[in-house]
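Structural characterization, general
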Amino acid sequence: MTMQEASQELRKMLQEIYDPRESTNITEWVMEDITGINRIDRIMYHHRLFTEDQLDKFNDYAVRLANGMPVQYVTGYAWFMALRFRVNEDVLIPRPETEELVQWALSETPPLKEGLSMLDIGTGSGCIPIMLKKKIPDAAVHTLDVSKEAVDVAKDNAAIYQTEIHFHLGDFLDPGIRLTLPQLDVIISNPPYIPYTEKEKIHQNVVRYEPHLALFVKNEDPLLFYRAIAVFGKDHLNAGGKIFLEINEDLGESITHLGNSFGYDAVLKKDMQGKDRMVKWSKLIK
């Protein structure tokens, strides 16, 4: 099988699952991963035959993709802010809106502040704390996750990028766990925020493969994690400190009001798609 034949076959198969644009993007991702050759060079050498190992890999990938597995889990990596992170089904696939959240936090954090301390709640792959540490090397960056498997993935990524992260394993909803965490200048989190009632609205590839622990929250209390973060910040956030939160687009007003009710100055922000996807809570200096 030539590279061109493989590309055409894969794209045709994927169009039964995804729209044409996404099918093309996934095909390009897979072909580059298998061949190690970028798109321009693949066009130049489109008649080059797959090696036996490449063909075996292609067939394996095609079966898993046909079953709806996200390409990031098939290849074992995802891109986040131009860096490549190891991912598997124990962690969420990083999204563009989370990149926007991190960029917002970085834009409002003085990098030269002495003793700067930051915490990511629900670390998953570790993409958030690793990017914070790479952009602000002198900061003490902490992270917490309830899943040991997720922490193991995040530790691997931190080792790859030689970033010193303080990892904490535990359930943030446990007040005892929260007591073990340090005083902070910045808290950032992409917590579970999708009510189970909205499960049918989510792409089934997400529901089938991504960790429900990191996605869904009880229907009767969709603000559960945000309320816990608000309580935590009252004692653990330094004066003038800030909390940056990714949110369900339908809960922007509720989460803004929640922050105000705890005495924070709350700001709601839209993502690049024009959706309410981020909130900043600032602790006032008294």
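Parameters and conventions
- Residues numbered from 1 in each chain as written.
- Predicted model: local features only at pLDDT ≥ 70, side-chain atom pairs only at ≥ 80, totals over all residues.
- Heavy atoms only, no water.
- Pairing = 2+ DSSP bridges.
- Helix = DSSP H or I, 4+ residues; strand = E, 2+ residues; numbered from the N terminus.
- Axes fitted to C-alpha atoms, helices over the stretch in contact; angles between N-to-C directions.
- Buried < 20%, exposed > 50% of the residue type's maximum accessible area, 1.4 Å probe, protein only.
- Contact = heavy atoms within 4.5 Å.
- Core = buried A, V, L, I, M, F, W, Y, C linked by side-chain atoms within 4.5 Å.
- Parallel < 35°, antiparallel > 145°, perpendicular 65-115°, else oblique.
- Left-handed = near helix turned anticlockwise from the far one by under 90°.
- Phe/Tyr/Trp six-rings, centres within 6.5 Å; stacked < 30°, edge-to-face > 60°.
- Expected span 1.5 Å × (residues − 1).
- Polar contact = N/O pair within 3.5 Å; in protein donor to acceptor, adjacent residues only side chain to side chain.

So, on to the sheet that holds strand β10 (residues 264–270). If you walk across this open sheet you meet the seven strands as β5-β4-β3-β6-β9-β11-β10, and the pairing is mixed. Each of the sheet's edge strands pairs with one partner strand only, and the pair in question is β5 (166–169) and β10. If you compare each strand with its neighbour and ignore which way they point, the axes differ by 15° on average. As paired strands, strand β3 (residues 117–121) and strand β4 (residues 140–145) are joined by five bridges and run parallel to one another.

Before going further, it helps to examine the pairing of strand β11 (residues 276–283). β11 sits mainly inside the fold: seven of its eight residues count as buried. Strand direction decides the pairing type here: strand β9 (residues 237–246) and β11, joined by five bridges, are antiparallel. Each bridged residue has a counterpart across the sheet, and for L245 the counterpart in β11 is V279. Bridge count for β10 against β11 is seven bridges, and the pairing is antiparallel. The residue bridging K269 from the neighbouring strand is M278, located in β11.

Moving on, we come to the environment of P192. Here P192 lies in the loop between β6 (184–189) and β7 (194–195). With relative accessibility at 9%, the residue P192 sits in the buried group. Expressed as a C-alpha distance, the spacing of P192 and L213, which sit 21 residues apart in the sequence, is 7.3 Å. The contact partners of P192, leaving out residues within four places of it in the chain, are L213, A214, L215, F216, V217 and F225.

Across soluble globular proteins, nonpolar side chains have a tendency to be buried as a group. By size, the foremost hydrophobic cluster in this structure holds 32 residues, and its most contacted members are F172, I187, Y226, I229, I243, I255 and W281. Looking at this core, the element that brings in the most residues is helix α12 (residues 224–236), giving five residues. Listed in part, the 27 residues of the second largest apolar core include I26, V30, V71 and V74.

Before going further, it helps to spend a moment on the packing of helix α2 (residues 20–35) against helix α4 (residues 52–66). Two packed helices can be described by the angle between their axes and the distance between those axes. One way to put it is that α2 packs onto α4 with a least axis distance of 10 Å and a crossing angle of 150°. On the basis of the axis angle, α2 is roughly antiparallel to α4. Relative to α4, the crossing made by α2 is right-handed. Between α2 and α4, the residues in contact are I26, V30, D33, I34 and T35 and Q54, K57, F58, Y61 and L65, respectively.

What follows deals with the packing of aromatic side chains. Within this structure, the stated rule accounts for eight aromatic pairs. Residues F50 and F58 carry aromatic rings whose centres are separated by 5.7 Å and whose planes lie at 55° to one another, so their mutual orientation is tilted. In this structure F50 comes out as buried when scored by relative accessible area, which is 10%. Take F58: its relative accessible area is 1%, and that puts it in the buried class.

Checked against the element boundaries, D265 lands in strand β10. Setting aside its immediate chain neighbours within four residues, D265 contacts N260, K280, W281, S282 and L284.

What follows is about α2. Between its first and last C-alpha atoms α2 spans 22 Å; for 16 residues at 1.5 Å apiece the expected length is 22 Å, and the two agree. Of all the residues in α2, the buried ones are S23, I26, T27, V30, M31, D33, I34 and T35. The N-terminus of α2 is capped by D19, whose side-chain oxygen sits 3.1 Å from the backbone nitrogen of R21. Downstream of α2 by one or two residues, G36 has phi in the positive range, about 75°.

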